[in-house]
Each structure stands twice: as C-alpha cells, then as structure tokens.
Amino acid sequence: MDVNSVAAGEVEITYEASGPDMGQPVLLLHGWPDDPRTFDRVVPLLNAAGWRTIVPYWRGCGPTKFLDANTPRTGETAALATDILAFMDALGFSRLPVIGHDWGARVAYMLAAARPQRVTSIAALSVPWAPGRLGVPPLPQVRAFWYQWFMNTEPGAAFVRENPLAFAREQWVAWSPPGPWFTDETFSKTAPSLQNPDWAAITLNFYRSRWGADAPDPRFAELRQAAEAARSIDVPTLVIHGAADTCLLPASFEGQKQFFTGTYRQIELEGVGHFPTREAPEKVAEALLAHLGEVGEH
C-alpha cells in the first residue's frame, strides 16, 4: 500500500492507494466515525480482481490537514464533496467509480446528483437517498438519530469536543450487533484518525449545519443547491445496507428505487448493522465487484 498526500482545494488530503499500478482506479470514501481502516478487508479483494483502490482521509480525519489555519472548519456534505472533486483533479481523474460508506455515501450521492459527469457509477453503503432538502424523518428514525440532536445542543457539542473518542466508540457499540468485527484492538487502529485536531469541529459542523444550529457555508452554496435541485439520479447505483442497522433503520431504504433512473440495485444484508465493510467484507466485495463489472468499468 502506498500512502501519499496531495493539495486539494483547502486541504492537503492523505490517501492510501493499493492494487495493480495499471489497474482501473476506484475511489473508496469512508464514513463517520471511521477512517480508511473500514475497507481493510474489502480492498484486497478488489485489488485481487485488478482494481486500483484509492482511499482518502476526510478533512478533520487522520493526517489530512487544512492548508490555512484560518480556513473555516466546515464539515457539511458539500464541503466534503468539493474536497473530493479537487482531489480527483489533483490526481488527474476526470471520472471515477465511487464507493462510499456513511459520510462517503452522502458524498457519492451528491456527486451523482450534482456532478454526474464526474462519476461513472456509485455504490452507497448504509445511507439512503431522496431528492430535495433533508427533512425530519419518521419518529423511529428520529429516535435513532439521538446523537445528531445531542450535537445540536451546546452541552452536547461541548461533550464531543472534550470526549471525541468515547463519543465515537459509543456509535460503534450502538449501531451494529455485537460480534468479532468490533474489539478494543479494532477501534484502537482507527482511534488515532479521530484525534485529528479538527475532527470535533468538522463532526459538529456536519451535523449542526444539517439541522440548523450552524448556518450553511455560502462558499459551498452552488454545489449544495444543485444537489438539492436534482429530482433523480441517473448514474448506475448500488445500495448496500444492513438489516440490523440501528443508525439508519432498514425502513429508511424502502421505496428508494423510484428516485433512480439509471441502473439500480439494492442489497440488504441479514444480521449486519451499520458497518457492512467491517461486518461482512466478503459479501460487500462480491456485490461491489458484480456492480463494477455490470456497468462496464473494467
């Protein structure tokens, strides 16, 4: 595995690349609270099939850093998507297949909705999509989003700033069934990424800007508005989610097909929670390879 960094807009993004040098590149975007380690058991299977995997760390995560200490620590989805577009430009990629989990899935959807010319296909894990601005979900999902409402209070935000690792670990405990996928050693491998000095600020802004405690950053208004204006996604799409996910409830994925006018496939994994790449990596890799092959990208 090669670890490199490249300037991409406001940030210097550190990323991991592996697989055959001449293989077709595919972009893998990790979720929250997580880092590229979430793909550790998926990447080798993609590499073995000939794919060159590129896995960046988000702003505020791991060794990725802001180029200017005075840049606002905006964490909203449009800022993350802007980073990825700049990252692709810096690496010389005009179009790529994109695989995203959690935050990565939200960015994949945004790119497919607002910049479809930049993605050949998307695979979104553990997050659904619907057109328009995000609204208040059904009450069972409202209850599952406790951590988001918590961060939209001042005491909750202060707690996250003071206890980032404990708060992150609680999501791992709460969102998936217990099992061998999650041990203290597993979490310890990702914990350093969550100790980036900007992690709490980016985390808080991501969720506080979503529900109104933080104002939207006007610098990303055009991309955000373009994504909200999209009525459908035409890019070939694979959605993977767990039947035992207690963060994004399985009911959230019902009726999704109507929003996709391109090739669409949805897979629900029994006994799997919010972290399919960690809990069922072989099944995830098998589905991803079938998806990538179906849309003629290799």
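For the structure itself, consult the block above.
Just so you know, the residues in each chain are numbered from 1, in the order the chain's sequence is written. In keeping with the predicted nature of the model, local features appear solely for residues at pLDDT of at least 70, side-chain atom pairs appear and are counted solely at 80 or more, and the whole-chain, interface and lining totals rest on all residues. Neither water nor hydrogens contribute to the side-chain values; these are computed over all heavy atoms in the structure.

A.B. asks: Would you mind going over the pattern of salt bridges with me for this structure?
C.D. replies: Between side chains of opposite charge, a pair can form when the charged atoms approach closely. A side-chain nitrogen of Lys or Arg and a carboxyl oxygen of Asp or Glu constitute a salt bridge if their distance falls within 4 Å. For the coordinates displayed, the defined rule picks out 19 salt bridges. For R73, the salt bridge is made with D198, and the minimal N-O distance between the two is 3.1 Å. Placement of R73 in the loop between β5 (65-66) and α2 (77-91) and of D198 in the loop between α8 (184-190) and α9 (199-211) is noted, with a sequence separation of 125 residues between them. You can call D198 buried: its relative accessible area is 15%. Across the pair R208 and E154 runs a salt bridge, and its minimum N-O distance is 2.8 Å. With a gap of 54 residues between them, R208 in helix α9 and E154 in helix α6 (residues 154-162) connect regions that are remote in the sequence. Connected via shared salt-bridge partners are E10, R59, D83, D217 and R219. Counting from the N terminus, the helices are DSSP H or I runs at least four residues long and the strands are E runs at least two residues long. To sort residues, take the accessible area from a 1.4 Å probe on protein chains only and compare it with the maximum for the residue type: under 20% means buried, over 50% means exposed, and anything in between is partly exposed.

A.B. asks: So what exactly am I meant to see when it comes to the nonpolar core here?
C.D. replies: Generally speaking, nonpolar side chains in soluble globular proteins are found buried as a group. Residues L27, W32, Y109 and Y147 are the most contacted members of the largest nonpolar core, which totals 74 residues. When residues in this core are grouped by element, the largest group, 10 residues, is from helix α3 (residues 103-114). Those residues within four positions of L27 in sequence are excluded, and the remaining contacts are I54, P56, I84, F87, M88, L96, P97, V98 and I99. Listed in part, the 22 residues of the second largest apolar core include F39, V43, I240 and V284. Here the nonpolar core consists of buried residues drawn from Ala, Val, Leu, Ile, Met, Phe, Trp, Tyr and Cys, with membership extended through side-chain atoms lying within 4.5 Å. The contact rule is simple, with two residues in contact once any of their heavy atoms fall within 4.5 Å.

A.B. asks: Mind showing me how you'd approach the packing of aromatic side chains here?
C.D. replies: A ring pair, where both rings are aromatic, is described by two values, the distance of the centres and the angle of the planes. Pairing of aromatic rings covers Phe, Tyr and Trp, the last counted by its six-membered ring, and requires centre-to-centre distances within 6.5 Å; plane angles under 30 degrees mean stacked, over 60 mean edge-to-face, and any other angle means tilted. Counted under the stated rule, the structure contains 31 aromatic pairs. Between Y147 and Y207, the ring centres sit 5.6 Å apart and the planes meet at 80°, which makes this aromatic pair edge-to-face. Of this pair, Y147 sits in helix α5 (residues 146-151) while Y207 is found in helix α9, placing the two residues 60 residues apart along the sequence. Of the residues examined, Y147 reaches a relative accessible area of 2% and is grouped as buried. For Y207, a relative accessible area of 2% corresponds to the buried category. Arranged with centres 6.1 Å apart and planes meeting at 25°, the rings of W175 and F275 form a pair that is stacked. Here W175, found in helix α7 (residues 164-175), pairs with F275, found in the loop between β9 (264-269) and α11 (276-279); they are 100 residues apart in sequence, far enough to count as distant.

Geometry only, nothing functional implied.
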